[in-house]
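Now for the letters of each chain:
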Amino acid sequence: MQIGVIGSGSFGTSLGALLADKGYEVTLWARNPDLIREMNENHRNEKYLPGIELPENLRASQNLEDAVKNKDMIVSAPPSHVITDILREIKSYLPVKAPIVSASKGIENGSLRLVSEIFEAELPGKFHSQLSYLSGPSFAKEIVRRVPTIVSIASKNEATARKVQEIFSFTYFRTYWTPDVIGVEVGGSLKNVIAIAAGVSDGLGFGQNTRAALITRGLTEISRLGIKLGADPLTFLGPSGMGDLILTCCGDASRNRTVGFRLGKGEGLDSILGGMNEVAEGVKTSKSAYELSKKLGIEMAITTEVYKMLYEHKNPKDVVRDLMSRDLKREGL
């Protein structure tokens, strides 16, 4: 089986390494010639996965057509804000019957589209039955170290979901399939916003009580938006919901939690983002999620306050005060 992977960041590389580890021939698309040379000659990606040796049957290419054309499966893992442009470039090369797996998380600025909505809008209808979406608690560095991991595979087409589930499942990587594309997409996107809030809390020196509060009420916000968009509430109790939320809010390897932590310590957002190798999706998603909540008339207090910190320069201490002094209410959605 020949598999193409779009995106040479830590997650795209880790998924490519997983599939290569299973014995598939993997072509990974990257922009940087030095990175391509390093991966092909030394089987390393030191920028994103330092100290990790990659399988020899994972090959990098700067040619997007080379990574996509005549492949048996395509995995798409670039930052969400570049997906539209990439899809417009590759759709003439895409094999019609090959599964297409998106592993990107986010809500597009401006259009407020979920990643799944971008794929369905940008690709012709003949590809729609082949679309699926991978999400769940899965730090890239742990995948390439063969740490036992579970994720969800969502697709509106059961045959596609089961096929992708089988291809990805391995001794240390277990997959569960679901038809709830919206739930998996909302959980994967919004957990990054809540993780920024959890990082701010840690940066301010608060304890486990506060983090647990943010995770719990954050899950309420995620569920509230997802249900409004048509998701199954039970999805948010699974890997792509609660599982990914806990990992992203608590794990030191979380880019979004790191952004929040440094904000809580008093650093400026531009300085934080300027020093990061990879995109913290929650920064852009917080703006889209805030605007989507307003459009749909949904209360999302934590998301709103994260947006105000990032885009209106609200002081993190004022955010905590305002969240804790909100009107008292009954527990629930």
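In the annotation of an unreviewed UniProt entry, the protein chain is listed under the name Glycerol-3-phosphate dehydrogenase [NAD(P)+] and assigned to Leptospira fletcheri. The protein chain has a UniProt comment under Subcellular location (unreviewed entry) that states "Cytoplasm". In its Sequence similarities (unreviewed entry) section, the UniProt entry covering the protein chain states "Belongs to the NAD-dependent glycerol-3-phosphate dehydrogenase family."

S.K.: Lay out the domain arrangement of the protein chain with the relevant residues and their values.
M.R.: Split by domain assignment, the protein chain resolves into domain 1 (2-179) and domain 2 (182-325). Computed from C-alpha coordinates alone, the two centres of domain 1 and domain 2 are separated by 25 Å. Facing 28 residues of domain 1, the contacting portion of domain 2 comprises 29 residues. Surface buried jointly by domain 1 and domain 2 totals about 2,400 Å² across both partners, of which 63% is contributed by carbon and sulfur atoms. Summed over the shared surface of domain 1 and domain 2, the number is zero salt bridges. Broken down by secondary-structure element, the contributors of at least two residues to the side of domain 1 that touches domain 2 are helix 5 (115-122), strand 6 (131-135) and strand 7 (149-154). Of the residues forming the side of domain 1 that touches domain 2, the biggest block, four residues, is contributed by strand 7. Class assignment of the residues belonging to the side of domain 1 that touches domain 2 gives a composition of twelve nonpolar, 13 polar and three charged.

S.K.: Outline the UniProt feature "binding site: sn-glycerol 3-phosphate" (unreviewed entry) in the protein chain, supporting the account with residue identities and numerical values.
M.R.: Sites flagged by UniProt as "binding site: sn-glycerol 3-phosphate" (unreviewed entry) map to K105, G136, S138, K191, D244, S254, R255 and N256. Lining the largest pocket, from the set of annotated residues above, are K105, G136, S138, K191, D244, S254, R255 and N256. In this structure S138 comes out as buried when scored by relative accessible area, which is 11%. In this view, S138 contacts F11, I143, T149, V151, D244 and L247; residues no more than four positions away in its chain are not counted. As for its placement among the helices and strands, K191 is situated in helix 8 (residues 181-203). The contacts of K191, once residues within four sequence positions are left out, are I222, D244, L245 and T248.

S.K.: Quick one: what's the story with the packing of aromatic side chains, residue by residue and with numbers?
M.R.: Going through the model one piece at a time under the given rule, you end up with five aromatic pairs. Here the aromatic rings of F170 and Y172 are separated by 5.3 Å at their centres, their planes lie at 65°, and the arrangement is edge-to-face. For Y172, a relative accessible area of 8% translates into the label buried. When the ring of Y290 is compared with that of Y307, the centres are 4.0 Å apart and the planes differ by 5°; the resulting orientation is stacked. Taken together, the positions of Y290 in helix 13 (residues 281-296) and Y307 in helix 14 (residues 301-311) put the pair 17 residues apart, joining distant regions of the chain. With respect to burial, Y290 and Y307 carry one shared label: buried.

The rules behind each value
- Residues numbered from 1 in each chain as written.
- Predicted model: local features only at pLDDT ≥ 70, side-chain atom pairs only at ≥ 80, totals over all residues.
- Heavy atoms only, no water.
- UniProt positions renumbered as here; feature names shortened; annotations may be inferred.
- Domains from an automatic or database assignment.
- Contact = heavy atoms within 4.5 Å.
- Buried area = accessible area lost by both parts, 1.4 Å probe.
- Salt bridge = Lys/Arg side-chain N within 4 Å of Asp/Glu carboxyl O.
- Helix = DSSP H or I, 4+ residues; strand = E, 2+ residues; numbered from the N terminus.
- Nonpolar A, V, L, I, M, F, W, Y, C, P; charged D, E, K, R; others polar.
- 1 Å grid on protein atoms, 1.4 Å probe; cavity = no way out; pocket = protein on both sides within 12 Å on 5 of 7 lines; lining within 4 Å.
- Buried < 20%, exposed > 50% of the residue type's maximum accessible area, 1.4 Å probe, protein only.
- Phe/Tyr/Trp six-rings, centres within 6.5 Å; stacked < 30°, edge-to-face > 60°.

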